[in-house]
Every structure is written in C-alpha cells, then in structure tokens.
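Residue strings, one per chain:
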Amino acid sequence: MCALPKHLRPRWRYLAVEIEREPDASLDRRAFQRALWKAARELLGDPGSADCDLTVMRFRFDETGERGEVIVRVRREEREEGRAALACVSDVGGGPVGIHVRGTSGTIRACEERHLGGRPDSGTETSVPFAGADRPAREQGSGRVDIHVDEQWVGATTLDVETETPDREGRE
Amino acid sequence: MTEADRDIFYEAVSAHSDSRSTAARLALTAREQGYGGIVLRADPNEGTRLDSASPAEIADAYGIDVVESVEIRTDSPGSASGALGEHRSEHTLVILAGGTEEMNRFAAEEPRVDVLARPMARRGDVDHVIARAAARNGVRIEFDFSSVLRTSGGQRVRALADLRKLRELVEKYDVPYVMSAGAGSHLELRAPRELAAVGEAIGFSLEAVLEGLREWGRLAARNRDLQGGSFIEPGVRVGKHDEQF
C-alpha cells in the first residue's frame with residue numbers, strides 16, 4: 001500500500017517514560033505493551049483506546065537494573081488521554097511498577113535526546129544494616145537502596161541505612 | 001505548568017510501619033516527579049517507617065518539604081475525639097480516616113480535623129448534611145484516586161461512581177478539598193501532570209486536580225503559622241517592636 005501523503009498522516013507525540021520495578025520482578029517489552037493496552041481499554045474504553053493508539057516504540061531495560069526507559073507513541077490530539085492511561089499502569093506481569101512521564105516530544109530522536117539517557121542504572125548487590133539486622137540489598141544510582149525484608153522488598157535510600165548506629169540498635 | 005509551579009504541589013503518602021517504602025524513598029521519588037512537598041500520614045498506634053532518617057534530615061537531603069501528620073483510624077467518634085485532643089498540638093496536620101457515615105459526620109463537624117480522608121471507602125457515604133458541615137468547619141474532603149489507579153472491574157466502577165457523587169456535592173456546597181493518589185510505596189506515586197490527566201479522564205477539570213494537590217501545602221503552611229509562637233488570635237500576633245512608635 002502507498003504511504004499516505006504527509007498532510008494525511010497521523011500526527012504523533014512521543015512520551016518519554018521512566019519505569020521502575022522491584023529488583024527480582026520480570027519485565028519485558030511485550031508484557032509492558034499488553035499492560036498499557038489493558039490500562040487504556042479499562043480507562044478510556046475501546047473507542048478511546050483506539051484513538052490513543054498507544055504503542056511502545058523503544059524499550060530499554062537493563063536485565064539487572066530496576067529502572068528502564070520507554071518511549072511510547074500516542075496520537076497528538078489524544079496525548080492527555082494517553083498520559084492518563086499510562087498513569088493507570090500499576091503492575092506488569094504481577095509485579096508493581098512505578099511510572100513517570102519525563103516529557104514529550106514530536107520525534108523519537110528529540111525525545112531521546114531531551115528527556116532520556118541520563119542514568120545508567122544497574123544495581124549492585126550488597127548487604128546493609130536495616131531494622132536491626134544485616135539484610136541483602138541492591139544499591140541503585142542517586143542513593144536508592146532496595147532492601148529485602150521478610151520476603152518483601154522495601155524501598156529505602158542511603159539516608160535510612162547510613163545513620164544506623166550501634167546505639168540505635170541497642171535501643172531496639 | 002511551569003517549573004515554578006511544580007514546587008507548590010504536595011502529595012500525601014502513607015508512611016505506616018507496614019509500608020513498603022521508607023519515608024526517605026517516598027520523598028526522593030516525589031521530588032523527582034516534581035512535587036514540592038509530601039505529607040507523611042502516620043498511624044499514631046503503629047508509628048512510622050521513618051527508620052533512622054527524621055523528616056528534617058529527609059527535607060535537607062532531597063530538597064523537599066516534609067510535613068508530619070497523623071492519620072487517626074478508628075470506628076468510634078469517642079476514641080477519635082480522644083485521639084484528636086492528644087495529637088492536635090503535636091502534628092502539623094491531623095487527618096481522620098472516614099469510611100462510615102458516623103465517622104464522616106463526626107469529622108465534618110469537628111473543626112480540629114484538617115482532612116477527612118477516604119470518606120467513600122468501605123461503607124462510607126457523604127450526603128448534603130455532611131458536605132455542608134465540612135464546608136462550614138473548613139474540613140478538607142479528600143478525593144482518593146487509589147482505586148482509579150490500581151484496581152479494575154466492578155471495584156473500580158464503584159469507586160468512580162463514588163468519586164462522581166462526592167465531586168458533585170463538593171462543587172455544590174463549595175467544600176474545600178485535597179487530592180491524593182493514596183500511595184503506599186514509591187512505585188505507587190504518580191506525578192502531578194499524570195494525576196491531572198487521570199482526573200480529566202474521569203470528569204474532574206485539570207485545574208481542580210492541581211488545586212487539590214496545592215491545598216495540602218497551603219494547609220501545612222497555615223497550620224505551621226498557627227502553631228508557631230507568634231500567633232495569638234486572628235489579626236493579633238507577636239511581632240518585633242517597631243522603633244517608630
């Protein structure tokens with residue numbers, strides 16, 4: 001089929017999205033796309049979801065990292081609806097995910113250059129004193145620490161672990 | 001929305017001891033998403049997951065305003081009243097969790113309460129009497145977006161219907177209100193623009209959602225002023241002696 005003449009092609013906006021997950025959760029492009037479609041259908045209905053036409057264009061997620069960058073395409077006129085649907089993606093493949101739209105641009109390239117690519121984030125395994133014991137943890141960039149406590153991950157920062165002093169542990 | 005605007009949005013997050021993120025992590029994430037402050041809701045009986053970092057340390061480290069608050073959760077007005085007397089002077093904000101008609105009415109009629117949280121949760125309902133009382137006493141009613149953001153199906157449909165009813169009453173009686181995503185972990189936080197977009201999709205105006213986020217900050221500033229030493233009564237405060245007189 002012929003490509004449409006330029007003035008008839010749909011106008012797109014590209015949303016630069018940062019996603020965050022728990023350390024041992026699995027997250028891939030297909031699962032994220034499915035979750036996005038589901039969220040859009042549930043919030044906007046079939047017609048609204050079709051209008052938005054949310055599509056994952058780029059998906060960068062380090063295997064060991066907790067934070068990834070995604071570029072999502074949305075029809076320009078429906079960008080606020082697209083943003084709303086994105087905000088309603090609360091878990092992907094059974095694990096909770098955090099979503100933050102960093103910005104929007106008119107082209108994928110501008111989107112990458114302006115809003116993404118700032119943070120190389122692959123966590124390092126470590127062990128930290130927390131809640132009265134040494135616990136396995138994963139340290140991320142900019143002070144984030146995820147700590148494994150009682151079969152669950154607790155989101156913390158270096159502020160929570162560094163100031164742990166013997167006298168505090170003694171009190172507990 | 002400009003950069004300067006961002007600092008005035010506040011979000012209230014749950015910082016209970018069973019929360020899956022520490023207060024510091026919530027603050028760090030909120031700052032990145034463009035919030036100027038967070039309100040830590042803590043249950044007086046359980047304590048907070050503050051761990052070793054105090055609100056002041058967190059505020060210093062991440063450049064975000066951290067507001068201490070207490071969220072009273074009880075089903076009897078009697079014990080709520082006792083808890084109010086105990087915590088009112090110690091915390092910047094006092095939030096009362098609604099969820100039954102009895103508690104909603106108690107909160108709306110009690111000027112010492114700053115915010116009536118989740119009035120439509122569980123078996124809760126709000127009518128024109130409660131809305132009018134809340135407006136009269138300056139009790140902020142909370143619009144809680146947690147069900148919109150994190151549930152689906154029938155549960156979400158009921159939550160949306162409740163939000164609509166509450167919105168209509170709040171508009172009709174001009175009740176002050178606050179907005180929140182009801183986040184219990186840093187992964188559940190959403191930025192102001194995202195919440196506004198969700199609000200628009202479910203019938204709120206963009207400005208109404210942002211206004212609800214600003215209201216937390218305004219409320220905190222007002223209470224800090226009242227609790228600071230210089231306030232005596234409306235229009236009267238302790239000031240510096242003016243040389244001219």
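Residues numbered from 1 in each chain as written. Chains lettered and ligands numbered in written order. Predicted model: local features only at pLDDT ≥ 70, side-chain atom pairs only at ≥ 80, totals over all residues.

For the rest of this paragraph, the subject is the nonpolar core. By size, the foremost hydrophobic cluster in this structure holds 112 residues, and its most contacted members are A:Ala85, A:Leu86, B:Ala27, B:Ile38, B:Leu96 and B:Leu116. Looking at which element gives the most residues to this core, the answer is helix H1 (residues 29-52) of chain A, with seven residues. In this structure, this core is formed jointly by two domains, domain 1 (10-115) and domain 2 (124-171) of chain A, each of which donates at least three residues. Discounting residues that sit within four places of it in the chain, B:Leu96 has contacts with B:Ile72, B:Ala80, B:Ala107, B:Val113, B:Leu116 and B:Ala117. (Core = buried A, V, L, I, M, F, W, Y, C linked by C-beta atoms within 7 Å. Buried ≥ 20, exposed ≤ 12 C-beta atoms within 10 Å, placed from the backbone. Helix = DSSP H or I, 4+ residues; strand = E, 2+ residues; numbered from the N terminus. Domains from an automatic or database assignment. Contact = placed C-beta atoms within 7 Å.)

Residue and element names in this part refer to chain A. Here chain A shows a mean pLDDT of 86. Residues at 70 or above account for 91%. Highest mean pLDDT in chain A belongs to helix H2 (residues 79-87) (96); lowest belongs to helix H5 (residues 166-171) (42). Note that pLDDT drops below 50 for residues 164-172; the model gives that stretch six contacts with residues more than four away or on any other chain. (pLDDT = per-residue confidence, 0-100.)

Take the sheet that holds strand S5 (residues 95-105) of chain A next. Residues and elements named next belong to chain A. Across the sheet, five strands lie side by side as S2-S3-S1-S5-S4; this open sheet has antiparallel pairing. Lying at the two open borders of the sheet, with one neighbouring strand each, are strand S2 (55-61) and strand S4 (91-92). Where strand S1 (residues 12-21) and S5 come together, eight bridges link them in antiparallel fashion. Directly across from leucine 15, in S5, lies its bridge partner threonine 104. (Pairing = 2+ DSSP bridges.)

Turning to the sheet that holds strand S1 (residues 10-14) of chain B, a few remarks are in order. Residues and elements named next belong to chain B. The sheet built from seven strands is open, its strands ordered S1-S2-S3-S4-S5-S6-S7 with parallel pairing. Edge strands, defined here as strands with exactly one partner in the open sheet, are S1 and strand S7 (177-180). Pairs of neighbouring strands in the sheet enclose a mean axial angle of 30°, with direction left out of account. Two elements, S1 and strand S2 (residues 37-42), share five bridges in a ladder whose sense is parallel. Directly across from valine 13, in S2, lies its bridge partner leucine 40. In the packing of helix H2 (residues 23-32) onto the sheet, the strands contacted are S1, S2 and strand S3 (65-72), and the crossing angle to S2 comes to about 150°. (Axes fitted to C-alpha atoms, helices over the stretch in contact; angles between N-to-C directions.)

With that settled, consider the interface of chain B and chain A. Counting from both sides, the interface comprises 29 residues of chain B and, opposite them, 29 residues of chain A. Going through the elements one at a time, H2, helix H3 (55-62), helix H7 (146-150) and helix H9 (192-201) of chain B are the ones with two or more residues in the side of chain B that touches chain A. Take the side of chain B that touches chain A: its biggest share by element is seven residues, from H9(B).

Turning next to the pairing of strand S7 (residues 133-139) of chain A. Residue and element names in this part refer to chain A. The sheet contact formed by strand S6 (residues 124-130) and S7 spans seven bridges and is antiparallel. The residue of S7 that forms the bridge with serine 127 is proline 136. Joining the antiparallel neighbours S6 and S7 is a turn of two residues, in which alanine 131 adopts a positive phi near 50°. Pairing geometry for S7 and strand S8 (residues 144-149), over three bridges, is antiparallel. Looking at the pairing, arginine 138 lines up with aspartate 146 of S8. Hairpin connection between S7 and S8: a loop of four residues separates the two successive antiparallel strands, and serine 142 in this loop has a positive phi of roughly 45°.

The next subject is unusual backbone geometry. In this model, A:Asp53 sits at a positive phi of 55°, which is unusual for a non-glycine residue. Along the chain, A:Asp53 turns up in the loop between H1 and S2. Phi at B:Asp174 takes a positive value of approximately 55°, unusual for a residue other than glycine. Here B:Asp174 shows up in the loop between helix H8 (153-173) and S7.

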